[in-house]
Amino acid sequence: MTSFLTFTILGLVLGAVYAIAASGLVLTYTTSGIFNFAHGAQAMLGTFLYWQLTYGWGWPMWLSLVVVVGLAGPAMGALLHMLIMRGLRETADVTKIVVTVAIMLGMVYLSQWIWHPEEARVTEMFFGANAKIELGGVVVRVHELVCLVVAVAVAIGLRLLFTRTRAGVVMRGAVDDPDLLRLNGHDPDRIAMLSWAMGSTLAVLAGILVTPIGGGALEANQLTLLVIDAFAAAMFGRLRSIPRTFTGAMVLGMTATYVMAYFPTDWTWAGNLRVSLPMIILFVVLIVLPQDRLRVAAVRTRERYRPPTPRSAAVWGAALVAAVFLLALLLDDGSITTFALGMTFAIVALSLTLLTGYAGELNLAPLSFGAVATITGFHFGVTGSGLASRLTLWGVLLAVLVTAVVGGLVALPALRLRGLYLALATMAFGVFLSNMVLRDTTEHTLFGVTFSIFPNGTLIVPPLQVGPFDLRDPRTLLMTATVLFALIGVGLAALRASGYGRRLAAMKDSPAAAAMLGQNLVKLKFGVFMLSAAIAGLGGLLMASAGGSVSGDNFAIMSSLALVMLTVVGGIGYISGALFGGLVSGVGFTIMVGTFNDLATAHPSMESIYKTIGQLLVVATALIGMGVGKNPSGTVHDIVEGYRTLRGARALLAGAAAVEAVLYGLALTGVIGNWWFAILTACLVMALPVAGRMRAAAPVRRTPPELAGVAEPYSDELRERLDRELGLPARERMAKEASVHAVA
Amino acid sequence: MPLLETRDVTVRFGGNTAVDGVSIGVEAGCVTGLIGPNGAGKTTLFNTVTGLQRPAAGRVLLDGADVTRLAPAGRARLGLARTFQRLELFLSLSVRDNVRVAGDILRATGRTVDVEKETDRVLARTGLEDIAHLEVSAIPTGRARVVEVARALMTAPRVLLLDEPASGQTERETEAFAALLTGLAAEGLAICLVEHDLPLVMRLCTTIHVLDYGRLIASGTPKEIRESPEVVAAYIGTEEIGTEEVRREEVA
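The numbers attached to residues start from 1 for each chain and follow its sequence in the written order. Here every chain gets a letter starting at A, and every ligand a number starting at 1, in the order they are written. Per-residue local features are limited, in this predicted model, to residues with pLDDT of at least 70; the limit for side-chain atom pairs, both in listing and counting, is 80 or more; totals at the level of whole chains, interfaces and linings are taken over all residues.

K.L.:
What's the story with the overall build of chain B in this structure? I'm lost.
P.N.:
A helix here means a DSSP run of H or I that spans at least four residues, while a strand means a run of E at least two residues long, and both kinds are numbered starting from the N terminus. Broken down by element type, chain B carries 10 helices and 10 strands. Taken along the three principal axes of its C-alpha coordinates, chain B extends 50 × 45 × 35 Å. Any residue whose C-beta has 12 or fewer other C-beta atoms within 10 Å is treated as exposed, any with 20 or more as buried, and any in between as partly exposed, C-beta atoms being built from the backbone. For chain B, buried positions account for 49% of its 252 residues. Once C-beta atoms have been placed from the backbone, residue pairs whose C-beta atoms lie within 7 Å are recorded as contacts. In chain B, the share of contacts with a sequence separation of at least 24, taken over all contacts with a separation of at least 6, comes to 65%.

Put into structure tokens, the structure is as follows:
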């Protein structure tokens, strides 16, 4: 009985911390409509800062608490709001999610830069781990009491805020209609800033309180994910209700503790189950809770994509294959393997182009589907042994098929969900897979078969062999991956241009209208999710076999999130956006950090500077992600639009092609190094749209309508434009009337 | 028997009763009006009829069959189509593709349609050929309303619900639109029209239902509605603007 009470209290304590974290999340969501994926990272950053002040610099604990919770927390939230969140109105769910994901990744990279991850850091419990109080036979640590008291204080504080203060009442209305608030003399921006400051403070508080409970060790990824567990609690309250969020947090905390206490320890899955529990609960809550009905309100967002015609996609696909072939001639085997690895990531990213770019649904864990294919391929698709072992074509097909089915199974319960909720469900699946399946190195016996899903924590995936094509050769591997990317890309372009693609676009733009035309949304979503999972599976399996061996970390949720973010940065509606996202997230990081580390070793005097630049570049990629809010259609869109201005500038394009050919010739003959070739090519590619814009900007001068006929003659072109803007249909009739008026 | 019928439909949002025991019918071959002040529950009733909103009580019958528990897509397949008060066009598709996609959906559900030919026919019928190639975000609201109608017509509906289709249209567009509706009704389509342009409603409709605060306060011919003291008090106003306007038009 005593032990039961002890566990109950421990559960309540854990629940209390979840409640503090989750209420911060609910607060920012209700006032700004943005679900803050960076919430956990904010908690992490605050905790690291607290460690630095108290343990690093030896400040008194109360002083660092005041500074971190009282100053740094609110300041971080207010800054986030002012610099980033404010600009996210009227963007698609995808953009909002990606921006906060980018902030999360940026904060994690930043913390790993400032606080080197291999150094051990520990924060201790308040009043020490030995300060205990006995209550009715149950021993409770003072730190745990502090957690409970803080949670109660937060609950009462929020209750008073929402019911008794003007600001709180306004907060409740802020997300629904900011313009209405403005009319009533409130400043929705100030209210939102206040809530971001409070949300951030609560995150920091939760981080500081939870770290010692979880053992005290500070690790950026782990701490970030720990607070992400609070998502499940927030979902209990459907991101709106604080009381229900608190209830959810308590359920979550107690379940986790009871599982730890009462599950049979000899059961081989128990350890991993405990870690995955919050994500399982998140998944279940998402599915069980009643969902919003189809909203009647088309998504009016700023994102615009121009889908290519299948023919132009085929031309570009051929151009890509040719370019990669020529480029490969310049590279050594090691670089080619790295390049091929990036290309396999790009194939995974194509699954996002289909799912998110075309169908408007979200998958935050594309690499987890790659993991499913990899495991299937490893267990069932390999022939031979040792160096002679090969992945078979049948193995690849089987793996892709299994992944499609798993994708369908994951999506099936989540199909009623939309946007954010589906995104969270896929994230829950991804984290669950990482914790439960990819860490499953122990052996189980089920129905007389002894197996382990992820033996030794590393899977050796041999290269594929199809007839004469042996992908052990890096060049063959690279060209195969590139051709596959191009083929799938062209296939997707053809799909987008077909009736199926139009139906996807209809579902994305207005689910309500699509349903009213007779479209069964669940069926359509199910199909596209399976197809997308299959593509991700193919890419993931190739990635595993390109690298030779993979560990569970290769499929971690953080890598998935980075891939999603960079694909959106590139342009989620474009095939080339997937190429950009895949290459940068797959190998870009490695190359950047590697290059600058090499430079640092080569020039010891400049070591710290080069290393700093390398780290800075990694953080900078996250900064680009945050910039998506300003430019939601993606980088590729900008470049494409830039090149559009070059249409007709034959001489300029031919000149550029000639220069590029000369550069390539010089690089091939070794006159200039590959780096110079890359840099000069990049300059050329970037400079062309600028030239195009300058050329296009010159003659265009639009007369404002009210000056027509005054500042310049009333031309036919102008009249046509006016007709169009005023919505007057027939030109002939208008012309006749105009002449009648002239006579009158 | 009316083709579309609601029987004692009640919809509540929390403690607020948006639609309160409303029974109306929409006949084939004519235009039925649904009018009332803002917030009277017209759009909510449309949402209930089309399945986007579940009623707290009451039933929706389509051609005698109870469809109250059917999903929107299922009702669409039985011949129910609608337009939206706030435009719900597919912004990433061109005008032509907005119409065409309805045919794509039809074909995906197993019906044999020549999508291209049908799209051309509907575009011609609704007079949208001149802007068919444009992005829908580039066309004015008045024409966008017509695109929504064209898209709905692509599904070959039996009942067409129009939610304020004339708002944002120029006078000339409204004329063409009225002619289109009259033509469609003459071909046997059942049309239900929510509209604030009273002269238009009075001219087109054979039957008019009036909602106020979620309750049906009157049903009848345009003449009966114009003369109903309750309707005048709740919606039209004491000056009988509706009558004036119609009379003027009759004279003209």
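K.L.:
Can you walk me through the overall build of chain A in this structure?
P.N.:
From N to C terminus, chain A includes 29 helices and 10 strands. Expressed as a percentage of the 744 residues in chain A, the buried residues total 47%. For chain A, the share of sequence-separated contacts (at least 6 apart) that also reach a separation of at least 24 residues comes to 76%.

K.L.:
Looking at this structure, I do not really get the interface of chain A and chain B. What am I missing?
P.N.:
The parts lose accessible area when they come together, and the size of an interface is often stated as this lost area. With 26 residues of chain A at the interface, the matching set in chain B holds 38 residues. Among the secondary structure elements, those contributing two or more residues to the side of chain A that touches chain B are helix H19 (499-509), helix H20 (511-516) and helix H28 (716-726) of chain A. No other element matches the 6 residues that H19 of chain A contributes to the side of chain A that touches chain B. Looking at side-chain class alone, the side of chain A that touches chain B contains 15 nonpolar, 6 polar and 5 charged residues. Note that Gly is not counted as nonpolar here; it falls among the polar residues with everything else outside the nonpolar set of Ala, Val, Leu, Ile, Met, Phe, Trp, Tyr, Cys and Pro and the charged set of Asp, Glu, Lys and Arg.

K.L.:
Quick question: what am I supposed to make of the domain arrangement of chain B here?
P.N.:
Residues and elements named next belong to chain B. As annotated, the domain borders come from an automatic or database domain assignment. Per the domain assignment, the segments making up chain B are domain 1 (24-79 + 158-252) and domain 2 (91-156). On a C-alpha basis, the centroid separation for the pair domain 1 and domain 2 is 23 Å. In this assembly, 12 residues from domain 1 lie in contact with 10 residues from domain 2. Those elements that place two or more of their residues in the side of domain 1 that touches domain 2 are helix H2 (72-77), strand S7 (159-163) and helix H6 (171-186). A total of 4 residues in the side of domain 1 that touches domain 2 trace back to one element, the largest contributor, which is H6. Split by residue class, the side of domain 1 that touches domain 2 holds 7 nonpolar, 3 polar and 2 charged.

K.L.:
What is the right way to look at the sheet that holds strand S3 (residues 31-35) of chain B in this model?
P.N.:
The strands making up a sheet associate through backbone hydrogen bonding, with each pair oriented either parallel or antiparallel. Residue and element names in this part refer to chain B. One bridge is not enough; two strands pair if DSSP finds at least two bridges between them. Ordered by their spatial adjacency, 6 strands build an open sheet running S6-S7-S8-S3-S9-S10, and the pairing between neighbours is mixed. With partners counted over all chains shown, the strands left at the sheet margins are strand S6 (80-82) and strand S10 (215-220), one partner each. Pairs of neighbouring strands in the sheet enclose a mean axial angle of 20°, with direction left out of account. Relative to strand S8 (residues 190-194), S7 runs parallel, the two sharing 5 bridges. When the sheet's bridge partners are listed, Leu160 is paired in S8 with Ile191. Each axis is a line fitted through C-alpha atoms, and for a helix only the stretch in contact is used; angles between axes span 0 to 180 degrees, taken between their N-to-C directions.

K.L.:
Where do I start with the domain arrangement of chain A in this structure?
P.N.:
Residues and elements named next belong to chain A. We note that the domain assignment places domain 1 (2-262), domain 2 (339-634), domain 3 (645-699) and domain 4 (710-743) within chain A. For domain 1 and domain 2, the distance between their C-alpha centres works out to 31 Å. For the side of domain 1 that touches domain 2, the secondary structure elements donating two or more residues are helix H4 (93-114) and helix H9 (220-228). Classifying every residue of the side of domain 1 that touches domain 2 gives 17 nonpolar, 5 polar and 1 charged.

K.L.:
Help me understand the environment of Asn363 of chain A in this model?
P.N.:
All names here are of chain A. Within the fold, Asn363 resides in the loop between helix H14 (333-358) and helix H15 (366-380). According to the C-beta neighbour criterion, Asn363 is buried, with 28 such atoms within 10 Å. Placed 170 residues apart in sequence, Asn363 and Ala533 show a C-alpha to C-alpha distance of 9.3 Å. Aside from chain neighbours lying at most four places away, what touches Asn363 is Leu352, Leu355, Thr426 and Ser532.

K.L.:
What exactly am I supposed to notice about the packing of H14 of chain A against H15 of chain A here?
P.N.:
The angle between the axes and the distance between the axes are what describe a pair of packed helices. Residues and elements named next belong to chain A. At their nearest, the axes of H14 and H15 sit 10 Å apart, and the two run at 125° to each other. It follows from the interaxial angle that H14 and H15 lie oblique. Here the hand of the crossing between H14 and H15 comes out right-handed. Taking contact as the criterion, the partners of Val348, Ser351 and Leu352 in H14 are, on H15, Pro366, Leu367 and Gly370. Looking at the contact of H14 with H15 residue by residue, the classes come out as 4 nonpolar, 2 polar and no charged. Here is the rule for angles: anything less than 35 degrees is roughly parallel, anything more than 145 is roughly antiparallel, 65 through 115 is roughly perpendicular, and the remaining ranges are oblique. Note on convention: the crossing is left-handed when the near helix lies turned anticlockwise from the far helix by less than a right angle, right-handed when the turn is clockwise.

K.L.:
Sorry, what's going on with the pairing of strand S9 (residues 207-212) of chain B here?
P.N.:
Within a regular beta strand, the side chains point alternately toward one face of the sheet and then the other, so they alternate between its two faces. Residue and element names in this part refer to chain B. In terms of residue burial, S9 counts as a mostly covered element, since 5 of its 6 residues are buried. Relative to S9, S3 runs parallel, the two being bridged by 4 bridges. Residue pairing across strands places Ile35 opposite Val210, the latter belonging to S9. Relative to S10, S9 is paired through 5 bridges, and the arrangement is antiparallel. Across the sheet, the residue bridging to Leu211 is Leu216, located in S10. Counted along the chain from S9 to the antiparallel partner S10, the turn is 2 residues long, and its residue Tyr213 has a positive phi close to 50°.

K.L.:
Which parts of the structure should I look at to understand the sheet that holds strand S2 (residues 16-26) of chain B?
P.N.:
Residue and element names in this part refer to chain B. On the basis of which strands lie adjacent, the open sheet formed by 4 strands has the order S2-S1-S4-S5 and antiparallel pairing. Edge positions in the open sheet fall to S2 and strand S5 (65-66), since each of these has one partner strand only. Sheet topology places strand S1 (residues 4-13) next to strand S4 (residues 57-62); 5 bridges connect them, and they run antiparallel. Considered in S4, the bridge of Arg7 is made with Arg59.

K.L.:
Whenever I open this one, the confidence of the model for chain A confuses me. Can you help?
P.N.:
Low-confidence regions, as indicated by low pLDDT, have predicted coordinates that should not be scrutinised in detail. Residues and elements named next belong to chain A. For every residue, the pLDDT score states the predictor's confidence, bounded by 0 at the bottom and 100 at the top. Of the residues in chain A, 89% reach a pLDDT of 70 or more, and the chain-wide mean stands at 83. At the level of individual helices and strands, chain A shows its lowest average pLDDT in helix H29 (residues 731-743), which scores 47, and its highest in helix H18 (residues 474-497), which scores 94. Under a pLDDT of 50 for its full length, residues 733-744 has, in the predicted model, 2 contacts with residues more than four places off or in other chains.

K.L.:
It is not clear to me how the environment of Leu128 of chain B should be interpreted in this structure. Could you clarify?
P.N.:
Residues and elements named next belong to chain B. Structurally, Leu128 is set in the loop between helix H4 (115-125) and helix H5 (141-153). Of the residues examined, Leu128 has 22 C-beta atoms within 10 Å and is grouped as buried. When the C-alpha positions of Leu128 and Arg96 are compared, they lie 8.6 Å apart, and in sequence the two are 32 residues distant. Not counting the four nearest positions on each side in its chain, Leu128 is found in contact with Val95, Leu123, Val146, Val147 and Ala150.

K.L.:
I'm lost on helix H8 (residues 188-213) of chain A in this one. Help?
P.N.:
Given 3.6 residues to a turn, an α-helix orients residues that are three or four positions apart in the same direction. Residue and element names in this part refer to chain A. For H8, with 26 residues, the first-to-last C-alpha span of 38 Å sits near the 38 Å given by 1.5 Å per residue. In terms of residue burial, H8 counts as a mostly covered element, since 23 of its 26 residues are buried. Once H8 finishes, Gly215 follows within two positions and takes phi at roughly 115°, a positive value. Expected span of a helix: the number of residues minus one, times 1.5 Å.

K.L.:
What exactly am I supposed to notice about the packing of helix H5 (residues 142-164) of chain A against H8 of chain A here?
P.N.:
All names here are of chain A. Interhelical geometry of H5 versus H8 gives an angle of 160° and a closest axis separation of 10 Å. On the basis of their axis angle, the class for H5 and H8 is roughly antiparallel. Taken as a pair, H5 and H8 cross one another with a handedness that is left-handed. Counted together, His143, Cys147, Val150 and Val154 of H5 and Leu202, Leu205, Leu209 and Pro212 of H8 form the full contact between these two elements. The residue inventory of the contact of H5 with H8, partitioned by class, reads 7 nonpolar, 1 polar and no charged.

K.L.:
When you look at helix H16 (residues 393-414) of chain A in this model, what are you seeing that I'm missing?
P.N.:
Here H16 of chain A is 22 residues long and its end C-alpha atoms lie 32 Å apart, about the 32 Å a rise of 1.5 Å per residue gives. Residues Gly395, Val396, Ala399, Val400, Val402, Thr403, Ala404, Val406, Gly407, Val410, Ala411 and Ala414 of chain A constitute the buried set of H16 of chain A.

K.L.:
I keep staring at unusual backbone geometry and nothing clicks. Help me out?
P.N.:
Generally, phi is negative for residues other than glycine and the peptide bonds are trans, each holding for most cases. One non-glycine residue, Arg238 of chain A, adopts positive backbone phi at about 50°. Position of Arg238 of chain A relative to the elements: it lies in the loop between helix H10 (230-236) and helix H11 (242-262). Even without being a glycine, Asp63 of chain B presents a positive backbone phi close to 55°. With respect to the element layout, Asp63 of chain B can be found in the loop between S4 and S5.

K.L.:
Explain the environment of Phe4 of chain A to me, please; I cannot follow it from the model alone.
P.N.:
Relative to the helices and strands, Phe4 of chain A is located in helix H1 (residues 2-32). As for Phe4 of chain A and Tyr262 of chain A, which are separated by 258 residues in sequence, their C-alpha atoms are 9.7 Å apart.

K.L.:
Which parts of the structure should I look at to understand the pairing of S7 of chain B?
P.N.:
All names here are of chain B. Most of S7 sits inside the fold, with 5 of its 5 residues counted as buried. In the sheet, S6 pairs with S7 via 3 bridges, with the strands oriented parallel. Of the residues in S7, the one forming a bridge with Leu80 is Val159. Chirality of the crossover, the property in question, places the unit of S7, H6 and S8 among those that are right-handed. The crossover handedness rule: strands pointing away from the viewer, path from first strand over the helix to second strand clockwise, crossover right-handed.

K.L.:
What's the story with the confidence of the model for chain B in this structure? I'm lost.
P.N.:
Residues and elements named next belong to chain B. Confidence in the prediction for chain B averages 89 pLDDT; 94% of positions are at 70 or higher. Note on residues 240-252: pLDDT is under 50 here. Beyond four places in sequence and across chains, it has 15 contacts. Scoring the predicted complex yields pTM 0.85 and, for the interface, ipTM 0.90.

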